[in-house]
Amino acid sequence: MKSKNSGKDFCGFALPGMFCFFAVVVIPFIYGIYLTLTDWNGVTKDKNFIGLKNFAGVMHDKQFWVSLGLTFKYVIVVVILVNVIAFAIAYLLTRGIKGQNFFRAGFFTPNLIGGIVLGYIWQFVFSRVFVNIGESTGWSLFEASWLSGPEKAFAAMVLVSVWQLSGYMILIYVAGFMGLSEDVMEAASIDGASGWVKLKNIVMPLMMSSVTICLFLTLSRAFMVYDVNLSLTAGGPYGSTEMAAMHVYEKAFTSRQFGVGQAEALILFIVVACISGLQVYLTKKQEVEA
């Protein structure tokens, strides 16, 4: 009787989820690996097997490696800024300040806006609002659109991404702070720990589970950024802000080299999986229990 019920529970709850996972993730992933071994252009029915020639094409695609290097730079800056800002704000929002629930909702709001819409909104801000501020105040920082030069366009990408991602990470860090044992914190205060000493030696080790989650989410999101990249800069000016995900899309669907694009996507996936897995392993080792 017990086994029958467990079988029904599996069919009713787990089986639909497993079916969707295999249909949407596993099977397309395996099919994508197969396409890396063909010369398919993404349109015709012909899929001729060519072995590893697409991967040889990736090795000679200089723009892909340039975009991957730019993506690494972008990821490092975004991950650091998002987590430092989110951690600091979450710490302040759990100190009992007035209206902290309102501020939590306010900081989370940007995360609800889709990346495409967000990019167009900030494109208007950088091209019109900032320029008007520069003209009225004479500040050289805002005299020209931030999207007109490579360095400022990259800074604009970072600013928008940090503004969008920080809100979600703030909620995770807030949950971590609220889950800290009051007994442990009180014992630390009795022992004379306060301020930076308490934060470094007591709070941070107990918050490592939240840090693990936030680092993983920001790493994966930053590496796979596409929507904001498309709507904010479209890879410009002159391809100077084209991230790896955008380059993969352009290679597969615009240049009609689907096999090469799929091979680049697979390499990007392996890079993200290895770095994210290493990050989880390292931060998990730092976690402690109260």
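Source: prediction; values computed, not measured. (Residues numbered from 1 in each chain as written. Predicted model: local features only at pLDDT ≥ 70, side-chain atom pairs only at ≥ 80, totals over all residues. Heavy atoms only, no water.)

### Here's the deal with helix 4 (residues 100-108)
- Where helix 4 is concerned, the buried positions are Gln 100, Arg 104 and Phe 108. One face of helix 4 carries all of its buried residues, which in axial projection span an arc of 75 degrees.
- The inward-facing, buried residues of helix 4 contact helix 6 (150-178). (Buried < 20%, exposed > 50% of the residue type's maximum accessible area, 1.4 Å probe, protein only. Helix = DSSP H or I, 4+ residues; strand = E, 2+ residues; numbered from the N terminus. Arc of directions from axis to C-beta. Contact = heavy atoms within 4.5 Å.)

### What to know about the packing of aromatic side chains
- What the rule picks out here adds up to 22 aromatic pairs.
- On the basis of an interplanar angle of 40 degrees and a centroid distance of 6.2 Å, the ring pair of Phe 108 and Tyr 168 is categorised as tilted. Within this pair, whereas Phe 108 is found in helix 4, its partner Tyr 168 is found in helix 6, the two being separated by 60 residues in sequence.
- Grouped by ring-pair contacts, the aromatic residues Trp 122, Phe 126, Phe 130, Trp 139, Phe 142, Trp 146 and Trp 163 constitute a single cluster.
- Positioned above the aromatic ring of Trp 40, the side-chain terminus of Lys 47 is 4.6 Å from the ring centre.
- The ring of Phe 154 has Lys 73 sitting right over it, with the charged end atom 4.7 Å from the ring centre. (Phe/Tyr/Trp six-rings, centres within 6.5 Å; stacked < 30°, edge-to-face > 60°. Lys NZ or Arg CZ within 6 Å of the ring centre and 35° of its normal.)

### What to know about the layout of surface pockets
- One number sums up the size of the largest pocket: a volume of about 560 Å³.
- Of all the secondary-structure elements, those providing two or more residues to the lining of the largest pocket are helix 1 (2-35), helix 9 (208-223), helix 11 (244-254) and helix 12 (258-285).
- Looking at side-chain class alone, the lining of the largest pocket contains 20 nonpolar, 5 polar and no charged residues.
- In this structure, the second largest pocket encloses a volume near 230 Å³.
- Lining the second largest pocket are 13 residues, with Thr 94, Arg 95, Phe 177, Leu 180 and Met 185 sitting closest to its centre.
- It is helix 8 (residues 196-206) that provides the largest number of residues to the lining of the second largest pocket, a total of 3 residues.
- In the lining of the second largest pocket, the residues fall into 7 nonpolar, 3 polar and 3 charged. (1 Å grid on protein atoms, 1.4 Å probe; cavity = no way out; pocket = protein on both sides within 12 Å on 5 of 7 lines; lining within 4 Å. Points joined across faces, edges and corners; volume = space filled by probe spheres on them. Nonpolar A, V, L, I, M, F, W, Y, C, P; charged D, E, K, R; others polar.)

### So, the environment of Glu 143
- Structurally, Glu 143 can be placed in the loop between helix 5 (115-137) and helix 6.
- Measuring from C-alpha to C-alpha, the distance between Glu 143 and Val 43 comes to 45 Å, with 100 residues separating the pair along the chain.

### A few points about the pattern of salt bridges
- All chains considered together, the criterion is met by 1 salt bridge.
- When the shortest N-O distance is used, the salt bridge between Asp 61 and Lys 251 registers 3.4 Å. Taken together, the residues Asp 61 in the loop between helix 2 (53-59) and helix 3 (62-92) and Lys 251 in helix 11 connect sequence positions 190 residues apart.
- Classification of Asp 61 as buried rests on a relative accessible area of 10%.
- Looking at Lys 251, the relative accessible area reads 14%, which means it is buried. (Salt bridge = Lys/Arg side-chain N within 4 Å of Asp/Glu carboxyl O.)

### Observations concerning the side chain of Thr 212
- Residue placement: Thr 212 occurs in helix 9.
- Within the structure, Thr 212 has its side chain in polar contact with the side chain of Thr 283 (distance 3.1 Å).
- Not counting the four nearest positions on each side in its chain, Thr 212 is found in contact with Gln 279, Val 280, Thr 283, Lys 284 and Glu 287. (Polar contact = N/O pair within 3.5 Å; in protein donor to acceptor, adjacent residues only side chain to side chain.)

### Overview of a nonpolar patch on the surface
- Taken together, the side chains of Met 18, Phe 21, Phe 22, Val 24, Val 25 and Ile 27 define a hydrophobic patch exposed on the protein surface, amounting to about 570 Å² of accessible area.
- Of note, Val 24 is situated in helix 1.
- You can call Val 24 exposed: its relative accessible area is 61%. (Patch = residues over 30% accessible without salt bridge, like charges linked within 9 Å, V, L, I, M, F, W, Y side chains within 5 Å. Areas by Shrake-Rupley, 256 points an atom, 1.4 Å probe, with all protein chains shown as cover.)

### Focus: the nonpolar core
- Judged by nonpolar contacts, the single largest core of 61 residues is most densely connected at Tyr 74, Phe 126, Met 169, Tyr 173, Phe 177 and Leu 232.
- Those elements that place two or more of their residues in this core are helix 3, helix 5, helix 6, helix 8, helix 9, helix 10 (227-232), helix 11 and helix 12. (Core = buried A, V, L, I, M, F, W, Y, C linked by side-chain atoms within 4.5 Å.)

### Describing the confidence of the model for the protein
- Summary statistics for the protein give a mean pLDDT of 86 and a share of 96% for residues scoring 70 or more.
- The secondary-structure element of the protein with the lowest mean pLDDT is helix 7 (residues 182-190), recorded at 73, while helix 3 shows the highest, at 94. (pLDDT = per-residue confidence, 0-100.)

### Describing the environment of Phe 154
- By secondary structure assignment, the location of Phe 154 is in helix 6.
- Discounting chain neighbours no more than four positions away, the residues touching Phe 154 are Leu 70, Lys 73, Tyr 74, Thr 241 and Met 243.

### Brief notes about the packing of helix 11 against helix 12
- For the pair helix 11 and helix 12, interaxial distance at closest approach is 7 Å and the crossing angle is 160 degrees. Comparing the axis directions of helix 11 and helix 12 gives the class roughly antiparallel. The interaxial crossing formed by helix 11 with helix 12 has left-handed handedness. Taken together, the residues of helix 12 that come into contact with helix 11 (itself represented by Ala 244, Ala 245, His 247, Val 248, Lys 251, Ala 252 and Phe 253) are Phe 258, Val 260, Gly 261, Glu 264, Ala 265 and Leu 268. (Axes fitted to C-alpha atoms, helices over the stretch in contact; angles between N-to-C directions. Parallel < 35°, antiparallel > 145°, perpendicular 65-115°, else oblique. Left-handed = near helix turned anticlockwise from the far one by under 90°.)

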